[in-house]
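A closer look at the structure
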Amino acid sequence: MRSLVILVLAGVVSAEDWSGEWLTDLGVLTLKQDGDRIEGEYGPNQSLTGTVDGAKATVEWRVGRNAGTGAFEMADGAMAFTGAWNHGNGAFGGTWRGWKRDPKAAKGKPADFSGVWRSSLGIMVLEQKGDKLTGTYGCEGWSTVEGTVKGRTCEFTWKRIRWSGPAWIEMTPDGKAFFGRTEEAQFTKWLGQRLEGYEREVKPSAGKIVKGLSKNGLCYYARAPNKWRSGKKVDAVVLLHGSNWVSEGMVFVTGNVQDLGDTYMIVGIDGQSWNDTSEPDKPRQNYTYANWMGRSTYKGYPYTDRESPYLVHETVKELKELYKLDRVFVGGHSQGGYCVSALAMSYPETFAGALLMSCGIVIQAEPDAFDDADLRRAQREMAVAVVHGTADQAVDFSSGAYNFDRFRESAFPYAGFFTADVAHGYDFLPFADAIRWMDALTTTDAKALLAYGKKRLEERGWRDVAAVCLRAHALKKSSKAFKDLEAALDAEAGKDLARWTEAVKENRDASWIDGFLRWKEQFEFAPAAEPVMKEFAKLREAHDAEAERLIGEARKAFRENDQEGGWANYREVLDKHYCATRYSVVKRWVENRR
């Protein structure tokens, strides 16, 4: 409940004149002033009363049965205010800003609205000839505006897919922002900030960050390698930011890691949804992906097929051609990581690897959400690095562990887990180690691949040794050195092979499964393990259906507040269906409960 409002105003009328109609974040606020008293409304059962002392006001307001207090401060000549509301307990509730239409704004020659704007309803690209304005808004490509400019105002018709309606905006005197609304009873506020410093097809600069604007309107930041030369193919790292953020800082931090800055074109692509409370020099953006089903077996809602994963993919394809990008590793942090999970799993042919950092995965990106054989094969040719801090308080470490479990148990040979005792933020995560690892396992350089394989052999990193051997086969490299590497892998796998072959064959009870899964994590893709893995696959198929049913029943029980029933279903999975794909995930859930 909103119970405290703090407003600070700046603009161009009498500082003491609070009366009039204000377009605000919380609705239309209509105030009347009588001497030092003010009163007004900003919606049904939402009233405001108070006293003013020059540019300051102390108020009491009510929403239904709830009451709150506020402190307003107006700057001289104000036509706009900024501020915030708090909950009844004093906790911050959100921003509360307002704008008053200038009666003189519609006079004079037409202002220049042409150009690119961040707006509440998406990037706006406007063209103006005289007093006639046309343009587009939103990165999806299906929304337009057409109207007439009068002074610093514009009245126009907006069209989006099959909907349309009237709207108006008013430009600030400095020409750098506008405010306005659609004209329905349940109106939508429409704010804008002029986008400056971003160029179409911007030319990269070695070691420096440049700002670009893609064809579909996504803002991006590109940093070429320190000794980059135009026209030469280059590998790239593409980064997506967390919620209410932008990716420029990630590009800066990543580029300052010496070997990464020397090697990669580092690109940050911002989400298309602008948080319109942002300051002009500190934009905050967000991605959309929750309703985007991509190439999964799930079916989405109408008009959700152009959410962020689609838009980012279109931008990456554009930049691959524009900057001659070779391998592309895509990484996302927090909200950006959830988006990358959907993006990479639906477009694996575009990416050599994916970094999922400080995040979970969306349901439509789960490995079992796809049934197209060619797509599933391409997914498993991609390196997937899960990166998570063990001290993460925003997205619990268990989410990262879950991600790795899902990819590892779904036969992704190039799956890795990178952890450190750090919190949620990007800067201190082991992202550099993850990028180097993906690079090593997806290289086309046989000499470099072999060198990495030998290094991991010395370190007894058997899963990576197996991945190197698989990569060598994919590259059709069969030198004696690679054969020796594979022989060493098979020799190590063979030390316990007979034990696990017998355990899988007999399958007396669940006592063997944990040890087998530890062995499997390292040697699943060793040639010597192929026979036992085929036998285990039969068991897994037999256990999966009932395990999935029980997991579904457990979730239903939890929704109905039947805690014991839910946990009992999970324990049954562990006791009777221990070969199931989700066994490790369920086991961790049960252990974390203890």
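Throughout this document, residue positions are counted from 1 along each chain, in the order its sequence is written. Selection of residues for local features in this predicted model requires a pLDDT of at least 70, selection of side-chain atom pairs for listing and counting requires 80 or more, and totals for whole chains, interfaces and linings are taken over all residues. Note that the side-chain values use all heavy atoms of the structure and ignore hydrogens as well as water.

The next point concerns the environment of Arg65. What counts as a helix is a DSSP run of H or I of at least four residues, what counts as a strand is a run of E of at least two, and both are numbered from the N terminus. Within the fold, Arg65 resides in the loop between strand E6 (56–63) and strand E7 (66–74). Exposure categories follow from relative accessible area, calculated using a 1.4 Å probe and restricted to protein chains: below 20% of the type maximum is buried, above 50% is exposed, and the middle band is partly exposed. Looking at Arg65, the relative accessible area reads 85%, which means it is exposed. Separated by 20 residues in the primary sequence, Arg65 and Asn45 have C-alpha atoms spaced 8.9 Å apart.

Moving on to the packing of helix H11 (residues 497–506) against helix H13 (residues 530–559). In this analysis an axis means a line fitted to C-alpha atoms, helices contributing only their contacting stretch, and an angle means the value between N-to-C directions, from 0 to 180 degrees. Across the interface, H11 lies against H13 with an axial gap of 10 Å and an inter-helix angle of 25 degrees. It follows from the interaxial angle that H11 and H13 lie roughly parallel. Judged by the sense of rotation from one axis to the other, the crossing of H11 with H13 is left-handed. Two secondary-structure elements touch here, H11 through Leu497, Trp500, Thr501 and Val504 and H13 through Val532, Glu535, Phe536 and Leu539. Side-chain classes follow a simple rule in which Ala, Val, Leu, Ile, Met, Phe, Trp, Tyr, Cys and Pro form the nonpolar group, Asp, Glu, Lys and Arg form the charged group, and the remainder, Gly included, forms the polar group. Of the residues assigned to the contact of H11 with H13, the class counts are 6 nonpolar, 1 polar and 1 charged. By the definition adopted for this analysis, an angle is roughly parallel if under 35 degrees, roughly antiparallel if over 145, roughly perpendicular if from 65 to 115, and oblique otherwise. In this scheme the crossing of two helices becomes right-handed for a clockwise turn of the near helix relative to the far one and left-handed for an anticlockwise turn of less than a right angle. Whether two residues are in contact is decided by their heavy atoms: any pair within 4.5 Å suffices.

The next thing to look at is the packing of H11 against helix H12 (residues 513–523). Two numbers describe how H11 lies on H12: the axes approach to 11 Å, and their chain directions differ by 130 degrees. Classed by the angle they form, the pair H11 and H12 counts as oblique. The handedness of the crossing between H11 and H12 comes out as left-handed. Here H11 contributes Leu497, Trp500 and Val504 to the contact with H12, which in turn contributes Gly515, Phe516 and Trp519.

Time to look at the confidence of the model for the chain. When the pLDDT values of the chain are averaged, the result is 93; 97% of them are 70 or greater. Residue-level confidence of the predictor is what pLDDT reports, using numbers from 0 through 100. This stretch, residues 1–15, has a pLDDT under 50; its non-local contacts, to residues over four places away or in other chains, come to 81 contacts.

As a further point, take the sheet that holds strand E11 (residues 115–119). Here we have 8 strands rolled up into a closed barrel, ordered E11-E12-E13-E14-E15-E16-E17-E18, and antiparallel in their pairing. On average, each strand axis in the sheet is tilted by 30 degrees relative to the strand beside it, whichever way the strands run. In this scheme, strands are said to pair when DSSP sees at least two bridges between them.

In this structure, Ile161 is a non-glycine residue whose phi angle is positive, near 55 degrees. On the secondary structure map, Ile161 appears in the loop between strand E15 (153–160) and strand E16 (163–171). Here the phi dihedral of Arg460 falls at roughly 60 degrees; this positive angle occurs in a residue that is not glycine. Relative to the helices and strands, Arg460 resides in the loop between helix H8 (446–458) and helix H9 (462–474).

Our next topic: the pairing of strand E4 (residues 37–43). Across a regular strand the side chains alternate sides, sitting on one face of the sheet and then on the other. For strand E3 (residues 27–34) and E4, the ladder comprises 5 bridges, and the chain directions are antiparallel. Looking at E4, one finds that Gln33 is bridged to Ile38. The turn joining E3 and E4, which pair antiparallel and follow one another in sequence, is formed by 2 residues; a positive phi near 65 degrees is taken by Gly35. As judged from the 6 bridges shared by E4 and strand E5 (residues 46–53), these two strands associate in the antiparallel manner. When the bridges of E5 are listed, Gly43 appears paired with Gln46. Turn length for the E4-E5 hairpin, with the two strands adjacent in sequence and antiparallel, is 2 residues, and the turn residue Asn45 shows positive phi of about 60 degrees.

Turning to the pattern of salt bridges, a few remarks are in order. Only one rule defines a salt bridge in this text: a Lys or Arg side-chain nitrogen within 4 Å of an Asp or Glu carboxyl oxygen. Following the criterion strictly, the structure yields 39 salt bridges and no others. Linking Asp276 and Lys189 is a salt bridge whose minimum nitrogen-to-oxygen distance equals 3.5 Å. With Asp276 in the loop between strand E24 (273–274) and strand E25 (285–286) and Lys189 in the loop between strand E17 (177–182) and strand E18 (192–194), the pair connects residues that are 87 residues apart, well separated along the chain. The class for Asp276 is buried, based on a relative accessible area of 13%. When its relative accessible area of 19% is taken as the criterion, Lys189 is described as buried. Note that Glu409 and Arg540 form a salt bridge whose closest N and O atoms lie 2.8 Å from each other. You can see Glu409 sitting in the loop between helix H6 (397–408) and strand E29 (415–420) and its partner Arg540 sitting in helix H13, a full 131 residues away along the chain. In this structure Glu409 comes out as buried when scored by relative accessible area, which is 6%. Where salt bridges share partners, they join Asp405, Arg408, Glu409, Lys520, Glu521, Glu524, Arg540 and Arg588 into one cluster.

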